[in-house]
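# Chain and residue survey
Okay, here's what each chain looks like letter by letter:
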Amino acid sequence: MLKNAWSFRNLALNFFQRELTGRYVGSINGLFWILIHPLALLGIYSVVFDTIFKVTAPVGDYSFIAFVALGLWPWLSFQEGVQRGALSVQANAGLLKKVAFPNELLVYAAVAATYTIHGIGFIAALVVLAVSGNVLHYEALPIVALILIAQFIFTLGLSSILAALQVMLKDIEHLLSPMMMIWFYATPVLYSVTMVPVQVQKIMLLNPMVYFIQRTRELLMSGGGLIWNDGVIVLSALCVFIAGRWFFNRLASHFEDFV
């Protein structure tokens, strides 16, 4: 199946480009908004948390806005990636009946485009943080990239499962928003996991996004090298991807009966 999907790589690239450009059709500044959006978010958080509430970061001497930013962009990539990936097959129902191709490519293109957009935003945020005086450990960026790639693979697997279920059940999209809101607050984006009771921390560790967010933030704020847990999370993400792909392809042959 992987070989079959690879033979459609040009079509996959076309889907990816369409996902990127389709989001900015009719926009005056087009892809320029990719940079405006993260900078605007940073400005809003800075005014609300740093200026008004004067919240301090629970880690080191960093500003609270830096603490939040380093966890926010990985989360935004995951959240929007899952939401767009879950609806990608249903949104292209007409295409499924006209062209024979691996339907999973629609999911991969939607998630990849989302991570590309927020990846650019994350880079812009890092530049702004550096200019504003936050000393980050940029030598850890290769390991950060590995963690984010693992998160991307995890997102692909989860999105594949949800996309298949959405075609069959139609109710998944209505559950995604509240599910993501609960998941957001169960993930230490706006707070440190050390701020919650130890008993709760043990439960939170079942949430893979806790590791992705914490590890990304830890590497950029404190530095460090590869650890065994990094290998474990990469293997776990691959397992989720393989399981998601298997589930998706098991149901794919029935999609035309439901779209």
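Each remark here, short or long, concerns the structure printed above.
### With respect to the nonpolar core
Counting 67 residues, the largest nonpolar core has Trp75, Phe78 and Phe255 as its most contacted members. Listed by contribution, the elements that provide at least two residues to this core are helix H2 (9–22), helix H3 (33–52), helix H4 (64–91), helix H6 (104–131), helix H7 (141–169), helix H8 (172–185), helix H10 (208–222) and helix H11 (228–252). Looking at this core, the element that brings in the most residues is H4, giving 15 residues. If we skip the residues at most four places from it in the chain, Trp75 touches Met180, Trp183, Phe184, Thr187, Val189, Met209 and Ile213. In this structure, Tyr191, Val193, Val196 and Met204 belong to the second largest nonpolar core, which totals five residues.

### Considering unusual backbone geometry
Backbone geometry at Lys170 places phi at a positive 70°, although glycine is not the residue there. Positionally, Lys170 belongs in the loop between H7 and H8.

### Some points on a nonpolar patch on the surface
A surface patch of nonpolar side chains, about 370 Å² in accessible area, is lined by Val47, Ile52, Phe53 and Val55. Note that Phe53 resides in the loop between H3 and H4. For Phe53, a relative accessible area of 56% gives the class exposed.

### Section: the packing of H7 against H11
To describe two helices that pack against each other, one gives the angle between their axes and the distance between the axes. Direction vectors running N to C along H7 and H11 enclose 20°, while the axes themselves pass 8 Å from each other. On the basis of the axis angle, H7 is roughly parallel to H11. H11 is crossed by H7, and the crossing has left-handed handedness. Partitioning the contact of H7 with H11 into residue classes produces 22 nonpolar, three polar and two charged.

### Quick word on the pattern of salt bridges
When charged atoms on two side chains of opposite charge get close, those side chains can pair. The full count for this structure, using the stated rule, is four salt bridges. In this structure, Glu104 engages Arg245 in a salt bridge whose closest nitrogen and oxygen atoms are separated by 2.5 Å. Linking Glu104 in helix H6 with Arg245 in helix H11, this pair joins segments that are 141 residues apart in sequence. Under the relative-accessibility criterion, Glu104 is labelled buried at 2%. Overall, Arg245 belongs to the buried group, its relative accessible area being 9%.

### Observations concerning the side chain of Ser192
You can see Ser192 is positioned in the loop between H8 and helix H9 (198–204). On the basis of relative accessible area, Ser192 is assigned to the buried category, the value being 9%. In terms of polar contacts, Ser192 uses its side chain to reach the side chain of Thr194, at 2.8 Å.

### Considerations on the environment of Gln79
Secondary-structure assignment places Gln79 in helix H4. Judged by its relative accessible area of 23%, Gln79 falls in the partly exposed class. Sequence separation between Gln79 and Ser177 is 98 residues; the distance between their C-alpha atoms is 9.3 Å.

Procedures and definitions
Residues numbered from 1 in each chain as written. Predicted model: local features only at pLDDT ≥ 70, side-chain atom pairs only at ≥ 80, totals over all residues. Heavy atoms only, no water. Core = buried A, V, L, I, M, F, W, Y, C linked by side-chain atoms within 4.5 Å. Buried < 20%, exposed > 50% of the residue type's maximum accessible area, 1.4 Å probe, protein only. Helix = DSSP H or I, 4+ residues; strand = E, 2+ residues; numbered from the N terminus. Contact = heavy atoms within 4.5 Å. Patch = residues over 30% accessible without salt bridge, like charges linked within 9 Å, V, L, I, M, F, W, Y side chains within 5 Å. Areas by Shrake-Rupley, 256 points an atom, 1.4 Å probe, with all protein chains shown as cover. Salt bridge = Lys/Arg side-chain N within 4 Å of Asp/Glu carboxyl O. Axes fitted to C-alpha atoms, helices over the stretch in contact; angles between N-to-C directions. Parallel < 35°, antiparallel > 145°, perpendicular 65-115°, else oblique. Left-handed = near helix turned anticlockwise from the far one by under 90°. Nonpolar A, V, L, I, M, F, W, Y, C, P; charged D, E, K, R; others polar. Polar contact = N/O pair within 3.5 Å; in protein donor to acceptor, adjacent residues only side chain to side chain.

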